[in-house]
Amino acid sequence: MTPGFFDAAQTGLPVDAADFVVVGSGAGGGAAARVLAQSGARVVVLEEGPLIETAKLSPVMRHSMATLFRNRGKQAAFGRATTPLLQGRCVGGTTFVNSAIIWRLPAQVLADWHARFGLAEGLPAAALDAAAATIEEEMHVRPVAEGSTAGRQDLLMRDGAERAHIEGRFLHRNERGCKGSGRCLHGCPNEAKQSTTINYLKRAAGDGAAIYAHAQVERVLIERGRAAGVSGHIGGSGPAARGRFRVGARKAVVVCASVIQSPNLLRRSGVASPALGEHFMAHPGTTVMGIYPDRVNMWVGASQGYEAYGLRDTLGVKLESINVPPEVAAARFPGVGGRLARYLERLDHVACWSVAVRAEAEGRIRPSRLLGDKVTYNLGARDVDRLRQGMQRLAEMHFLAGASEVVTGVHGLPEVISSADGLRCFDSAPLDPRAYTMMATHLFGGCRAGADPARSVVDPSLKVHGLEGLYVMDASIFPTNIGVNPQHSIMTIAALAAQRLS
Amino acid sequence: MPESLHSEGGTLPAHERRALARGYEAWSEARTQGCEPVRGRANTKSLWRFEVRWADAIGRTLLPRGILGGVVDDVDLGQLYGLEYGDSPWYIRLVMRASLWLTWLAPIWIRKRPRTFGRLAQAEREAVLERLLSSDHYNIRLTLMYFKLTVTTLLIGDPRALARLGAYGLGGEKPPRALRSLP
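For clarity, every value in this text was computed on a predicted model and none was experimentally measured. Numbering of residues begins from 1 in every chain and follows the order in which that chain's sequence is written. Chains and ligands are labelled by the order in which they are written, letters from A for the one and numbers from 1 for the other. Predicted model: local features are reported for residues with pLDDT of at least 70 only, side-chain atom pairs are reported and counted for 80 or more only, and whole-chain, interface and lining totals are derived from all residues. Each side-chain value is derived from all of the structure's non-hydrogen atoms; neither hydrogens nor water enter the calculation.

1. Brief notes about the overall build of chain B
- Secondary structure summary: chain B contains eight helices and zero strands in total.
- Seen in sequence order, chain B has helices and strands lined up from the N terminus as α-α-α-α-α-α-α-α.
- Only protein chains enter the calculation, and the probe is 1.4 Å; a residue is then buried if its accessible area is under 20% of its type maximum, exposed if over 50%, and partly exposed in between. In chain B, which comprises 183 residues, the share counted as buried stands at 52%.
- Note on definitions: a residue-residue contact is assigned when non-hydrogen atoms from the two residues lie within 4.5 Å. Expressed as a percentage of contacts within chain B between residues at least 6 apart in sequence, the contacts between residues at least 24 apart total 62%.
- Using a 1.4 Å probe, accessible areas were evaluated by the Shrake-Rupley method; residue-level cover was limited to the displayed protein chains. When the accessible area of chain B is evaluated, it comes to approximately 8800 Å², of which 54% is carbon and sulfur surface. We count a stretch as a helix when DSSP gives it H or I for four or more residues in a row; a strand needs E for two or more, and each element gets its number in order from the N terminus.

Structure, rendered in structure tokens:
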């Protein structure tokens with residue numbers, strides 16, 4: 001087996017077997033591959049998306065969506081309201097297109113997992129802390145800093161949060177040499193963001209791992225109660241495209257295909273569990289735009305630079321600055337024609353801040369002939385109430401930071417409010433999720449971990465109940481919604497589980 | 001302090017500045033190569049020619065020529081909408097086509113007159129779009145919101161519009177003092 005990065009559409013997949021077959025190259029797959037390869041095992045990583053050259057990255061969102069995101073960024077959860085879901089689909093997975101935000105798994109969340117799901121033995125706090133510290137060092141985690149990568153909208157948010165007495169800080173991110181290009185969502189053009197592509201997969205390749213792009217795993221091959229390997233087909237375009245492959249696993253298959261794809265892959269492979277595809281959870285959220293008298297130019301500086309986390313434990317929401325791409329922000333302005341054009345002339349005066357809700361709602365994931373993967377998800381009134389309260393606080397912060405107008409973006413409310421007196425309108429905002437323009441980015445569940453096989457898919461060591469040699473190491477194993485950005489938690493848990501496996 | 005935030009080239013990396021110097025079309029084309037097909041059925045469907053014309057007429061009502069100094073006036077919006085349609089999953093194609101038919105025929109049930117969108121004056125067209133975008137029916141609102149997002153993605157997402165806005169250093173314009181502290 002030749003180590004390195006390969007496009008299977010060009011080279012084919014000339015690997016008969018490896019010690020470990022890792023399915024997926026995002027946060028979970030990258031961390032697992034790094035640890036397993038470091039231990040001296042032969043590791044092959046199979047990623048269904050493409051391997052993207054930095055020189056091909058574009059600041060045009062339409063290009064980025066087409067090359068880096070699943071279903072060209074047009075994936076959604078269906079229910080009472082339609083909620084777009086964004087997932088990276090390339091080598092590096094979502095770590096390639098996220099804002100590199102790092103949060104450790106909150107202690108109270110872990111305590112809950114220990115108490116209710118029997119995970120104390122599998123995920124001990126001390127071992128997780130040690131794994132998290134190693135990752136933070138290796139992934140170059142550091143805060144955005146004023147005078148360095150903080151943009152003006154981050155400084156405005158800090159000002160607004162301080163005046164509103166909401167605790168906050170500059171975001172901690174995994175980056176080295178960030179130039180504030182504001183293009184995290186498009187893939188970092190400076191290779192500063194420490195996606196798994198840049199960091200852990202490269203380290204794994206240095207330790208002998210082979211990473212194949214355009215290798216879409218369709219099934220885990222299960223023989224006599226044990227995962228014997230995987231089979232699938234080669235995507236993309238090239239001489240080997242559309243070919244089929246089969247790779248044997250001498251020790252284990254590690255599924256890290258994401259919250260939506262992992263449960264469906266297990267289901268296609270014949271895994272039967274009452275919890276499979278259940279308990280899908282997310283952080284649905286929306287943005288509130290403030291229009292300022294001076295130029296903000298939110299596209300200069302870190303893509304996301306500041307967070308107000310003071311409402312996380314009380315209201316269950318997290319507020320962050322985010323530089324929404326201009327073409328997307330333009331659609332959030334009210335009106336059409338001349339009215340919209342006048343707003344567009346002030347697009348560079350806009351600061352965009354987001355609210356993400358630690359939602360109680362749970363949905364389900366199933367394979368679908370029509371949709372490929374079908375996610376059903378319905379937000380309840382309590383979740384929507386928290387969303388609207390979070391939006392109200394964001395609007396308040398905008399005015400405290402000096403905004404002259406705030407775009408509400410809620411059906412049934414005034415489109416724009418121009419003073420703090422207007423904030424009361426949020427009290428009467430509908431509790432119907434269809435009144436809001438939402439998106440869900442952080443996804444959890446579907447292969448829940450737990451000691452009880454009747455209520456969970458994987459055991460505390462993340463091995464699928466009742467099967468040998470089949471593990472799941474991504475956010476699909478999270479038994480509850482964690483309320484913070486999940487990349488670090490996924491990597492920490494995957495690294496710990498992989499350490500045991502190696 | 002990162003050099004690129006304050007250099008003349010803005011935040012655009014050097015290799016992209018060189019590519020842009022060869023022209024927007026070549027630059028843009030290089031970045032759309034290798035775009036992934038969506039999962040599911042092959043995208044062989046396309047819009048009818050009259051639907052392409054509808055997309056252009058409705059889209060240019062939404063974002064009229066002359067916006068942002070007219071930098072994207074030459075874009076064939078209907079054609080681009082058709083390409084985007086062909087590259088989309090079937091359920092998005094359904095929404096994209098529905099938004100055209102819904103808007104084109106909307107004057108009949110909104111204004112109770114046997115006129116299509118194409119026979120209305122600009123102000124009336126805008127009023128119809130505003131009405132649909134604020135409809136109390138979620139599916140109508142969602143469909144038109146998606147149309148609006150598609151049009152802004154195609155027009156405001158044009159590198160020349162991004163450059164005009166000063167986004168991502170595409171204009172080669174010196175960005176504002178992003179790092180200054182608030183007063």
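2. Overview of the packing of aromatic side chains
Residue and element names in this part refer to chain B.
- Note on aromatic contacts: the rings of Phe and Tyr and the six-membered ring of Trp form a pair at centre separations within 6.5 Å, being stacked when their planes are under 30 degrees apart, edge-to-face when over 60 apart, and tilted otherwise. Per the stated rule, a full pass over the model turns up 15 aromatic pairs over all chains.
- A ring pair is formed by F50 and W54, whose centres lie 5.1 Å apart and whose planes are at 65°; its orientation type is edge-to-face. One end of the pair, F50, and the other, W54, are both in helix α3 (residues 49-62), four residues apart, so they sit about a helical turn from each other.
- For W54, a relative accessible area of 11% puts it in the buried group.
- By the ring-pair criterion, three or more aromatic residues cluster together here, those being F50, W54, W101, W104 and F117.
- R93 extends its terminal NZ or CZ atom over the ring of Y85, reaching a point 5.9 Å from the ring centre. For a lysine, the NZ atom is tested; for an arginine, the CZ atom; a charge sits over a ring if that atom is within 6 Å of the ring centre and within 35 degrees of the ring normal.

3. Section: helix α7 (residues 138-155) of chain B
- Taking 1.5 Å as the rise per residue, α7(B) with 18 residues should run 26 Å; its terminal C-alpha atoms sit 25 Å apart, in good agreement.
- Counting buried positions along α7(B) gives 14 out of 18 residues, so the element sits mostly inside the fold. To estimate how far a helix should reach, multiply one less than its number of residues by 1.5 Å.

4. Points about the interface of chain A and chain B
- Every contact between the two is made by 75 residues of chain A and, on the other side, 71 residues of chain B.
- Together, A:R62, A:K74 and A:V336 form the three largest contributors to the area buried by chain A at its contact with chain B, with a combined 12%.
- The term salt bridge refers to a side-chain nitrogen of Lys or Arg lying within 4 Å of a carboxyl oxygen of Asp or Glu. For the interface between chain A and chain B, the tally reads four salt bridges.
- Residue B:E130 is joined to A:R339 by a salt bridge in which the shortest nitrogen-to-oxygen separation is 3.0 Å.
- Each polar contact in these results corresponds to two N or O atoms within 3.5 Å; when the atoms are within protein, one needs to be able to donate a hydrogen and the other to accept it, and residues that are neighboring in sequence are counted only if both atoms are side-chain atoms. Linking chain A with chain B are 20 residue pairs in polar contact (both at pLDDT 80 or more).
- For the side of chain A that touches chain B, the elements supplying multiple residues, two or more each, are α3 (61-68), α6 (152-163), α9 (326-332), α10 (337-344) and β18 (372-376) of chain A.
- Considering each element in turn, the side of chain A that touches chain B owes the most residues, six residues, to α10(A).
- Its residues assigned to classes, the side of chain A that touches chain B shows 30 nonpolar, 25 polar and 20 charged. Two parts placed together each lose some accessible area; with a 1.4 Å probe, that loss summed over both constitutes the buried area. Residues were grouped as follows: Ala, Val, Leu, Ile, Met, Phe, Trp, Tyr, Cys and Pro as nonpolar; Asp, Glu, Lys and Arg as charged; and all remaining residues, including Gly, as polar.

5. Topic: the pairing of strand β15 (residues 317-321) of chain A
Residue and element names in this part refer to chain A.
- Here β15 lies mainly inside the structure; five of its five residues are buried.
- Residues V317, L319 and S321 line one face of β15 and the alternating positions K318 and E320 line the opposite face, and both faces are buried.
- Looking at chain direction, strand β14 (residues 306-308) and β15 are connected through two bridges and run antiparallel. When the sheet's bridge partners are listed, A308 is paired in β15 with L319.
- Strand pairing is defined by DSSP finding a minimum of two bridges between the two strands. Sheet topology note: the β15/strand β16 (residues 350-357) ladder contains five bridges and is antiparallel. Considered in β16, the bridge of V317 is made with V357.

6. Observations concerning unusual backbone geometry
All names here are of chain A.
- Even without glycine at this site, H140 takes up a positive phi of about 55°.
- Topologically, H140 is positioned in the loop between α5 (125-138) and β6 (141-143).
- Despite not being glycine, R224 has its phi angle at roughly 50°, a positive value.
- For R224, the position within the fold is in the loop between β10 (215-223) and β11 (226-234).

7. Comments concerning the pattern of salt bridges
- Applying the stated criterion to the full structure yields 40 salt bridges over all chains.
- For B:E124, the salt bridge is made with B:R113, and the minimal N-O distance between the two is 3.3 Å. Note that B:E124 is positioned in helix α6 (residues 122-133) and B:R113 in the loop between α5 (90-110) and α6, a separation of eleven residues in sequence.
- Accessibility expressed as a relative area gives 33% for B:R113, which makes it partly exposed.
- Through salt bridges with shared partners, a single ionic network connects A:R169, A:E307, A:K318 and A:E320.

8. Remarks on helix α8 (residues 261-268) of chain A
- Extensive coverage of α8(A) is indicated by the burial of six of its eight residues.
- Backbone geometry just after α8(A) places A:G270 at a positive phi near 95°.

9. Considerations on the confidence of the model for chain B
Residues and elements named next belong to chain B.
- pLDDT expresses how confident the predictor is about each individual residue, on a scale running from 0 to 100. In this model, chain B carries an average pLDDT of 80, and 68% of its residues clear a pLDDT of 70 or more.
- Counted against residues more than four places away or in other chains, residues 38-44, with its pLDDT under 50, gives 17 contacts.
- Note that residues 173-183 has pLDDT below 50 and, in this model, 35 contacts with residues that lie over four places away or in other chains.
- For this predicted complex, the interface confidence reaches an ipTM of 0.94, while the overall pTM sits at 0.93.

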